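Reading the structure
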Amino acid sequence: MCKSPEKHIKAKLVIVISIDQMKSEYLSRFNQQLEAGFKYLLDSAIVYTNAHHNHATTTTAAGHATLATGFFPSHNGITDNTVYNRTLGYKHYSIEDTTVRFVGIETCNLNRVSAKPLLKKALGDYIKESDNESKSYSVALKDRASILMGGKTANRAFWFDAASTQMVSTDYYKETYPNWAKTYTANEVMKADISRGWVLDQSFTKIASISSDSFERERGNFNPWFPHTLASFDTMRVRDNKAGAFMWNSPYGDAFVLEFAHQIIVNENLGTNNHTDILSIGLSAADVIGHHFGPNSYEVLDYYNKIDFYLAEFIEKLNQDVGKENYILVLTADHGVAAMPEYLAGQGIDAKRILGDQFDADMAIINTKLQDSFHLSDEIILKANYGGVEPNMTIFEKGKADLNRVINTLTSELEKLDYIAGAYSFLDINDSTSSKPFITQIRNSHRDEFGYYIKLVPTENYLIDMRRNGTTHGTPHAYDTHVPLMIKLPKQEGQTIDKKAYTVDIVPTVLDLIGIQVNENFDGTNLAPSF
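This text gives an overview of the structure that appears in the document. (Residues numbered from 1 in each chain as written. Predicted model: local features only at pLDDT ≥ 70, side-chain atom pairs only at ≥ 80, totals over all residues. Heavy atoms only, no water.)

The next thing to look at is the overall build of the protein chain. Secondary structure summary: the protein chain contains 21 helices and 21 strands in total. Taking 2.2 N^0.38 as the reference for a compact globule, 531 residues should give roughly 24 Å; the C-alpha atoms of the protein chain span a radius of gyration of 23 Å, in line with that estimate. Structurally, the protein chain occupies a C-alpha span of about 75 × 55 × 50 Å along its principal axes. The proportion of buried residues among the 531 residues of the protein chain is 62%. The contacts in the protein chain between residues at least 6 apart in sequence include a share of 72% that link residues at least 24 apart. Carbon and sulfur atoms form 46% of the exposed surface of the protein chain, whose accessible area is close to 20,700 Å². Separation between the mean location of the 51 positive side-chain charges and that of the 65 negative ones in the protein chain comes to 2 Å. (Helix = DSSP H or I, 4+ residues; strand = E, 2+ residues; numbered from the N terminus. Rg over C-alpha atoms; globule rule 2.2 N^0.38 Å. Buried < 20%, exposed > 50% of the residue type's maximum accessible area, 1.4 Å probe, protein only. Contact = heavy atoms within 4.5 Å. Areas by Shrake-Rupley, 256 points an atom, 1.4 Å probe, with all protein chains shown as cover. Lys, Arg positive; Asp, Glu negative; His and termini not counted. Charge placed at Lys NZ, Arg CZ, Asp CG, Glu CD.)

Have a look at this one:
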């Protein structure tokens, strides 16, 4: 690894911000309210209006691993948040690591996790490998966002513990846990906001895409109407750790993350010398709010109104502490989200919510039909959910039926359901001649050791095997893949580029901008020549 001989940007600090579940369309739909941080970036950054994730399973872990490494999940090893392990026969958290221990806190009951399952280097790993004096930190409410963006050799990744309202970490990272972080807790830093609660800014409701505060399918940890306070938590869902829960369920959690990120810059002396440092920031509360209230809600509208100003405050501090000529800032997202189908149906769009009971009943009907067709008494469908179907592989191992015939019949029956756009088996994935829609994205999400044998893609605007309220993401449809991509460079005017770009392009692009050459065949390409 070596520095490019060409003249590149002498950045003292690279900042990567991922806003969890941010749809690209928010930048246009909310445009008239974006007057602070987003406006600054829209005016001064390189803005890609047609940026996408190009893998099928658009979830938090897969998205962050992809944008952080420049490789698709098929190569970076992180295919989903929770993965079905085909060898073990059960599901587990994709970044589970029971060998680590928490540091800097006496007691922490969160999952023990690390970047060990990540198979590729993250952006910070390349930067540190190029210069051993460089530093790499990451922070988010979600462990998987912070850990996967931080990569394998970060000085430290921090994530949120609701019980203590402290940013925690583990002994996976070799640097001593900093004393300043032990006392920088949300219940102190955000005390006034927690006390006041989340109040809707009435001046911005006029551009909301629904006509009332409470929509029938909104349901989360708060009651579905403003204001959202500690007293308005649904007591069936939140009984303890209310200050921490408030951080997870309001814009103030991500405000705290930005405040904590600034403290990392100040206390760890980032961007203060000629060694390029990197700080990765995940804004995770956006995802929780979006799941509960949907992209057409007052809550999502007000979240972006508020985070717009928090982002501006962070950038202003960045300009003061590091200098606007000394950093590169990238803003993107790990995935988008589907609209509430009931909202779309009200607009005359074909959209449905398929509840778990209906999905299970349909799977039972298909199972019985195939048992009759192939004269089998064994269950053919072993497991099934919105992500896929796992056949009973012992049928084929014992020679009771032909795998190809049964699997092809099963995928055909699944695709007859009006809410299934496509069913993709290992046979399809391994068939180089397959031209099924989304097959490229399916392959980019696939690893043989993880996931059900047949993967499902729902019909556009359909939510399948779903709870009665809220919404979700995780498909290759554009509403889940289309995300913002803005690259703020020093001494360069902003421009808008309509050419298609992908989140795997971020790492090779930033490495080229700062003059680091690596011997990697990235899945992404360098975008720098286009601007």
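Continuing now.
Another point: the packing of helix H2 (residues 37–44) against helix H13 (residues 298–321). As a packed pair, H2 and H13 sit with axes 6 Å apart at the nearest point and diverge in direction by 65°. As summarised for this structure, H2 and H13 are arranged roughly perpendicular, according to the angle between their axes. Counted together, Gly37, Phe38, Lys39, Tyr40 and Leu41 of H2 and Tyr304, Ile307, Asp308, Leu311, Ala312, Ile315 and Asn319 of H13 form the full contact between these two elements. Classifying every residue of the contact of H2 with H13 by side-chain character gives eight nonpolar, two polar and two charged. (Axes fitted to C-alpha atoms, helices over the stretch in contact; angles between N-to-C directions. Parallel < 35°, antiparallel > 145°, perpendicular 65-115°, else oblique. Nonpolar A, V, L, I, M, F, W, Y, C, P; charged D, E, K, R; others polar.)

Turning our eyes to something else, we now look at unusual backbone geometry. The omega angle of the peptide bond from Phe226 to Pro227 is -5°, so this bond is cis rather than trans. Looking at the element boundaries, Pro227 is found in the loop between helix H9 (191–196) and helix H10 (242–248). Phi is positive for Gln21, which is not a glycine, with a value near 75°. Topologically, Gln21 is positioned in the loop between strand S2 (13–19) and helix H1 (26–29). Note on Gln21: relative accessible area 2%, which makes it buried. Of note in this structure, Asn461 is not a glycine but carries a positive phi near 70°. Considering the arrangement of structural elements, one finds Asn461 in the loop between strand S16 (454–458) and strand S17 (462–466). Accessibility expressed as a relative area gives 17% for Asn461, which makes it buried.

Turning our eyes to something else, we now look at the nonpolar core. Ranked by internal contacts, the top residues of the largest apolar core, which has 72 residues, are Ile17, Ile19, Phe38, Phe260, Ile281, Tyr304 and Leu331. Those residues in contact with Tyr304 that sit more than four places away from it in its chain are Ile19, Gln21, Met22, Tyr26, Phe30, Gln33, Leu34, Phe38 and Ala286. Among the nonpolar cores identified, the runner-up in size contains 33 residues, and Ala51, Leu67, Val330 and Ile497 belong to it. (Core = buried A, V, L, I, M, F, W, Y, C linked by side-chain atoms within 4.5 Å.)

It is worth spelling out the pairing of strand S9 (residues 166–170) at this point. Buried residues dominate S9, accounting for five of its five residues. Residues Gln166, Val168 and Thr170 point to one face of S9 and Met167 and Ser169 to the other, with burial holding for every one of them. Direction of pairing for strand S6 (residues 102–103) relative to S9: antiparallel, over a ladder of two bridges. Directly across from Phe102, in S9, lies its bridge partner Thr170. Two elements, strand S8 (residues 156–161) and S9, share three bridges in a ladder whose sense is antiparallel. In the sheet register, Trp159 faces S9, and the bridge partner there is Val168. Count of turn residues in the S8/S9 antiparallel hairpin: four residues, of which Thr165 carries a positive phi of about 55°. (Pairing = 2+ DSSP bridges.)

Going through the model one piece at a time under the given rule, you end up with 27 aromatic pairs. Ring centres of Phe158 and Phe260 lie 5.0 Å apart, and the angle between their planes is 65°; on these two criteria the pair is classed as edge-to-face. With Phe158 in strand S8 and Phe260 in helix H11 (residues 251–267), the pair connects residues that are 102 residues apart, well separated along the chain. Comparing Phe158 with Phe260 shows no difference in burial state: the two are buried. Through a chain of ring-to-ring contacts, three or more aromatic side chains come together here, namely Phe158, Phe160, Tyr177, Trp180, Tyr184, Trp248, Phe256 and Phe260. (Phe/Tyr/Trp six-rings, centres within 6.5 Å; stacked < 30°, edge-to-face > 60°.)

Counting buried residues in helix H12 (residues 285–293) gives nine out of nine residues, a clear majority hidden from the surface. For H12, every residue scored as buried is listed here: Ala285, Ala286, Asp287, Val288, Ile289, Gly290, His291, His292 and Phe293. Along its buried surface, H12 packs onto S2, helix H3 (60–69), H10, H11, strand S10 (277–283) and H13. In the segment just after H12, Gly294 is the residue with positive phi, at about 85°.

Moving on, we come to the environment of Leu67. Looking at where Leu67 falls in the secondary structure, it is placed in helix H3. Taking C-alpha positions, Leu67 is 8.5 Å from Thr332, a pair spaced 265 residues apart along the chain. Contacts of Leu67, omitting those with residues within four sequence positions, involve Val16, Ser18, Met149, Thr332, Ala333, Asp334, Thr503, Ile506 and Val507.

What follows is about the environment of Thr472. Along the polypeptide, Thr472 turns up in the loop between S17 and helix H20 (478–481). Considered as a pair, Thr472 and Lys488 are 16 residues apart in the sequence and their alpha carbons are 30 Å apart. Those residues in contact with Thr472, other than ones at most four positions away along the chain, are His291, Val337, Ala338, Leu463, Met466 and Asp480.

This brings us to the pairing of S2. In terms of burial, S2 is largely enclosed, as seven of its seven residues are buried. Strand direction decides the pairing type here: S2 and S10, joined by seven bridges, are parallel. When the bridges of S10 are listed, Ile15 appears paired with Leu279.

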